[in-house]
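# Descriptive analysis of the structure
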Amino acid sequence: MFTTVEMLADQPFLAGLTEHQLSLLAPLTSRSMFHAGNRIFGQGTPAEQFWLITDGRVYLDAEVPGYDNFVLETLKPGAVLGWSWLFPPYRWHFGAVATSTAHTLTFNGPLVRALCQRDPALGFELTSRFLLVMGERLQSARSRLQDCRRAAGHRNDV
C-alpha cells in the first residue's frame with residue numbers, strides 16, 4: 001500500500017518536488033474516479049480543483065460554433081487536468097469528459113493556492129509547471145482548430 005506522498009512522487013507532473021513539498025500537498029489530495037462519458041467539468045463553470053490522471057483517458061473539449069463539444073485533446077495517464085483554478089476568474093476555459101473510466105488524484109484548488117502563498121518556493125514550482133501545461137494546451141487547441149479550418153476549406157491564415 002502506497003502512502004499519498006509516495007503516490008504523488010510517482011506522478012510525472014510532480015517529479016523533482018522534495019519530499020517536504022509533497023508532504024505539504026498530500027493532505028490536499030483525494031482520489032476520484034470518473035466513468036466513461038461523465039463530464040468532469042464544463043467550459044465556463046467554476047474551477048476549484050485539478051487532477052492528475054493515474055489511469056484512463058479524458059478528452060478536453062470546447063464550445064465551437066457548428067460543433068458539439070469540439071474535442072481539442074485526449075489526456076492519458078500521467079497528464080494533469082485543469083489549470084483554470086490557479087488564475088482569476090477561476091472558471092474553466094475548456095470542458096473535460098472521461099472517455100474511459102478515469103482514476104485521478106484530485107487537488108483542492110483554493111487550498112493549494114493558499115499553500116503556494118505560504119510557501120513561495122512551492123508556489124513558484126507549481127506555477128511554472130502549470131504555465132508549461134497552459135502553453136502546451138493552448139498550442140494544441142490552436143493546432144486542432146487550424147486542422148478544422150483546413151478541413152472546412154479555409155486558408156491557413158489563423
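Below: a short report on this structure. (Residues numbered from 1 in each chain as written. Predicted model: local features only at pLDDT ≥ 70, side-chain atom pairs only at ≥ 80, totals over all residues. Heavy atoms only, no water.)

## Remarks on the sheet that holds strand 7 (residues 95-98)
- The antiparallel open sheet is built from four strands, whose spatial order is 2-7-4-5. Whereas interior strands pair on both sides, the edge strands pair on one side only; in this sheet they are strand 2 (39-41) and strand 5 (70-75). Direction aside, neighbouring strands of the sheet carry axes that sit 30° apart on average.
- The sheet contact formed by strand 2 and strand 7 spans two bridges and is antiparallel. Opposite Phe-41, over in strand 7, you have Ala-96 as the bridge partner. (Pairing = 2+ DSSP bridges. Helix = DSSP H or I, 4+ residues; strand = E, 2+ residues; numbered from the N terminus. Axes fitted to C-alpha atoms, helices over the stretch in contact; angles between N-to-C directions.)

## Things to note about the pattern of salt bridges
- Applying the stated criterion across every chain, the model contains three salt bridges.
- One salt bridge in this structure joins Asp-61 and Arg-39, with 2.7 Å as the shortest N-O distance. Of this pair, Asp-61 sits in strand 4 (residues 58-62) while Arg-39 sits in strand 2, and the two are 22 residues apart along the sequence.
- Classification of Arg-39 as partly exposed rests on a relative accessible area of 38%.
- Of the charged contacts, one joins Glu-73 and Arg-137 as a salt bridge, the two residues approaching to 3.6 Å between their closest N and O atoms. Note that Glu-73 is positioned in strand 5 and Arg-137 in helix 4 (residues 120-151), a separation of 64 residues in sequence.
- Take Glu-73: its relative accessible area is 23%, and that puts it in the partly exposed class.
- Owing to a relative accessible area of 8%, Arg-137 belongs among the buried residues under this scheme. (Salt bridge = Lys/Arg side-chain N within 4 Å of Asp/Glu carboxyl O. Buried < 20%, exposed > 50% of the residue type's maximum accessible area, 1.4 Å probe, protein only.)

## Re the side chain of Arg-129
- Its location among the elements puts Arg-129 in helix 4.
- One polar contact links Arg-129 to Glu-125, side chain to side chain, over a distance of 2.9 Å.
- When sequence neighbours within four positions are dropped, the list of residues in contact with Arg-129 reads Phe-13, Leu-14, Ala-15, Gly-16 and Leu-17. (Polar contact = N/O pair within 3.5 Å; in protein donor to acceptor, adjacent residues only side chain to side chain. Contact = heavy atoms within 4.5 Å.)

## Digging into helix 3 (residues 109-118)
- Along helix 3, the positions that sit buried rather than exposed are Gly-109, Val-112, Arg-113, Leu-115 and Cys-116. End-on, the buried residues of helix 3 take up no more than an arc of 160°, which puts them together on one face. With respect to the buried face of helix 3, the exposed residues turned more than 90 degrees away are Gln-117 and Arg-118.
- In this structure Asn-108 caps helix 3, since a side-chain oxygen of it lies 3.0 Å from the backbone nitrogen of Leu-111. (Arc of directions from axis to C-beta.)

## Description of unusual backbone geometry
- Cis geometry marks the peptide bond from Pro-88 to Pro-89; its omega dihedral reads 15°.
- By the element assignment, Pro-89 lies in the loop between strand 6 (80-81) and strand 7.
- Look at Tyr-90: it is not a glycine, yet its phi comes out positive at around 60°.
- Looking at the element boundaries, Tyr-90 is found in the loop between strand 6 and strand 7.
- What makes Tyr-90 partly exposed here is its relative accessible area of 28%.

## Notes on the sheet that holds strand 6
- Taken in spatial order, the four strands line up as 1-8-3-6 in an open sheet, and their pairing is antiparallel. Strand pairing shows two members of the sheet lacking a second neighbour, strand 1 (29-34) and strand 6, which therefore form its edges.
- As paired strands, strand 3 (residues 49-55) and strand 8 (residues 102-108) are joined by six bridges and run antiparallel to one another. Bridging across to strand 8, Phe-50 finds its partner in Phe-107.

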